[in-house]
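Analysis of the macromolecular model
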Amino acid sequence: MILGVPTDTFVNALLKGVETIVILFAVVIAAALLIWVERRLLGLWQDRYGPNRVGPFGILQVAADMIKIFFKEDWIPPFADKPVFIIAPAVILLTSLMTFAVVPFTATIGVVDLNIGLLFMLAMSSLGVYSVILGGWASDNKYAMLGGLRTAAQMISYEVFMGLALLGVVMLAGSFNLHTIVESQAGLWNVVTQFPSFVIFLIAGCAEIHRAPFDLPEAEQELTAGYHTEYSGMKFGMFFVGEYLGIVLISSLITVLFFGGWLGPVLPGIVWFLIKTGFFILFFVLLRAATVRPRYDQLMSFGWKILLPIALANVAITSAVVVATS
Amino acid sequence: MLSILRTIWMIFLHSFRKRDTVLYPEEKPYLPPRYRGRIVLTRDPDGAERCVACNLCSVACPVDCISVIKGEDESGRWYPDTFQINFSRCIYCGYCEEACPTYAIQLTPDFEMGEFDRQKMVYEKSDLTISGVGKRPGYNFYRVAGMAVGGKDKGEAENEAEPVDVKTLLP
Ligand code: SF4
Ligand code: SF4
């Protein structure tokens, strides 16, 4: 008995706590390293080098950037709505990290095993949108405001088929639990049976974390920097890290939902998970290097007129097949 | 849609291309001889300063970064007492070189002049003067100019005719 709790419960709780903290740090460090990875890869694909001076292969560039950003003046414009302005960047970081709570890294590694894991993840990613909208609103700057508005519209439209695309996966697994979903793919990965929903989830996920080519909320050419125009110092850094956390998150979710998570021969589960997730992270960077940003109305009509019908058709066909075979 | 996939594939193929970047401090780029970089003051083939402190370069300079103060020696020849170029303002346009009647001021293919202290970017005459003739070998202004100066009278320069006596009608 320690502190009135049975010893093994206590030890288990302690271990869980350590595991949570390790996952938290690993994810944040991965997101920070992504800044370097992305710059190097964009350099590679543009026939340049990217940062290659600080430390081996320039990997300490991240540390240098962090030190720099901590010492930058953290300026809050006098016309901004101060409390909201301060909270907004924290929200995106918080919601992204919260979503990692339900991601099953392997059969045993993972913070919680919620039976509504998928719903929790959808809810958290919707909450994350508040960060961008509030940041844009609180800045009291027309460009930031426009960025925030764009985010709102983009999220509402793309979240719809993000959810719809996942319905097929849920039907096949018969559960919202991410563990069960992974285990249901032991024979065949969902990407084979649910290819349309994989494509839709990829696109919608990209829009959800407003990455290029769906980075309309922060389109430099039109909106200076969009919703984070007025942000500086570590608050800007939080938006930045939040965005990279989003990439890690969407990549790991694609892995879990469509590519069998930790399942794979020979190698241990965590390695498979990292390989698959890393692949999608690289793919997102490649997407940024290769694609151009669509016009705003193109984005909207592509979502509502093309992706939504495909998602609905996919749901209908999948449910028909599931009913027929059961 | 297909064109987007094609673009993505083509960009991916760039992973195997040679990179265009020149890794500068390790790998120096080739600079042509007429590259406009650090400015020098050259000497004539006899080893004397070429500059005659005419201030033409200073006037031609669009950013006013040259400061020359004239001095004169016993023989009546002008030379710069001070000659300063503020390289933190110089835009390396080369107008000074074009304006100079004596080919004294010349731009060289060297640009590695970074400093931490702005004041160090002001180069004095002693920093600017080099011992050679630069891009104009064999040129000596006073030997071709009509100016009478220490030991050389009018009409004694190379390719110069005797001065005409304007007070007589005889040839
Ligand atoms: S190069 Fe141009 S800017 Fe520089 S000193 Fe000469 S005239 Fe002035
Ligand atoms: S450098 Fe040339 S232009 Fe400038 S003062 Fe000397 S002689 Fe005149």
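None of the values given here were measured: they were computed from a predicted structure. (Residues numbered from 1 in each chain as written. Chains lettered and ligands numbered in written order. Predicted model: local features only at pLDDT ≥ 70, side-chain atom pairs only at ≥ 80, totals over all residues. Heavy atoms only, no water.)

A short note on the overall build of chain B
Along its length, chain B carries five helices and five strands. On C-alpha atoms alone, chain B measures out to a radius of gyration of 25 Å, which is more than a quarter above the 16 Å that the 2.2 N^0.38 rule sets for 171 residues. Taking the principal axes of its C-alpha atoms as reference, chain B extends roughly 95 × 45 × 25 Å. With 171 residues in all, chain B has 30% of them scored as buried. Considering only contacts in chain B between residues 6 or more positions apart, those separated by 24 or more positions represent 69%. A total of about 11,400 Å² of accessible surface is found on chain B, and carbon and sulfur atoms cover 56% of it. Each charge sign in chain B was given a centre, from 22 positive and 25 negative side chains, and these centres are 9 Å apart. (Helix = DSSP H or I, 4+ residues; strand = E, 2+ residues; numbered from the N terminus. Rg over C-alpha atoms; globule rule 2.2 N^0.38 Å. Buried < 20%, exposed > 50% of the residue type's maximum accessible area, 1.4 Å probe, protein only. Contact = heavy atoms within 4.5 Å. Areas by Shrake-Rupley, 256 points an atom, 1.4 Å probe, with all protein chains shown as cover. Lys, Arg positive; Asp, Glu negative; His and termini not counted. Charge placed at Lys NZ, Arg CZ, Asp CG, Glu CD.)

Some details on helix H8 (residues 195-208) of chain A
Residues and elements named next belong to chain A. The end-to-end C-alpha distance of H8 is 19 Å, a good match for the 20 Å that 14 residues give at a rise of 1.5 Å each. Burial of H8 is extensive: eleven of the 14 residues sit out of reach of the surface. Within H8, the full set of buried residues consists of Ser-197, Phe-198, Ile-200, Phe-201, Leu-202, Ile-203, Ala-204, Gly-205, Cys-206, Ala-207 and Glu-208. Structurally, H8 contributes buried residues whose contacts are with helix H4 (117-138), helix H5 (142-173), helix H7 (190-193), helix H10 (233-258), helix H11 (269-290) and helix H12 (296-325). (Expected span 1.5 Å × (residues − 1).)

Focus on the interface of chain B and chain A
In this complex, chain B contributes 15 residues to the contact, which on the side of chain A involves 13 residues. Summing both sides of the interface, chain B and chain A together bury roughly 1,400 Å²; the carbon and sulfur share of this comes to 61%. The largest share of the area that chain B buries against chain A comes from Ile-8, Ile-11 and Arg-19 of chain B, three residues that together contribute 42% of it. Linking chain B with chain A are five residue pairs in polar contact (both at pLDDT 80 or more), by the criterion used here. Among the residues forming the side of chain B that touches chain A, the class breakdown is six nonpolar, four polar and five charged. (Buried area = accessible area lost by both parts, 1.4 Å probe. Polar contact = N/O pair within 3.5 Å; in protein donor to acceptor, adjacent residues only side chain to side chain. Nonpolar A, V, L, I, M, F, W, Y, C, P; charged D, E, K, R; others polar.)

As for the site of ligand 1
By nearness alone, 13 residues border ligand 1, and Cys-61, Cys-90, Cys-93, Gly-94 and Cys-96 of chain B come closest of all. Classifying every residue of the shell around ligand 1 by side-chain character gives twelve nonpolar, one polar and no charged. (Near = heavy atom within 4 Å.)

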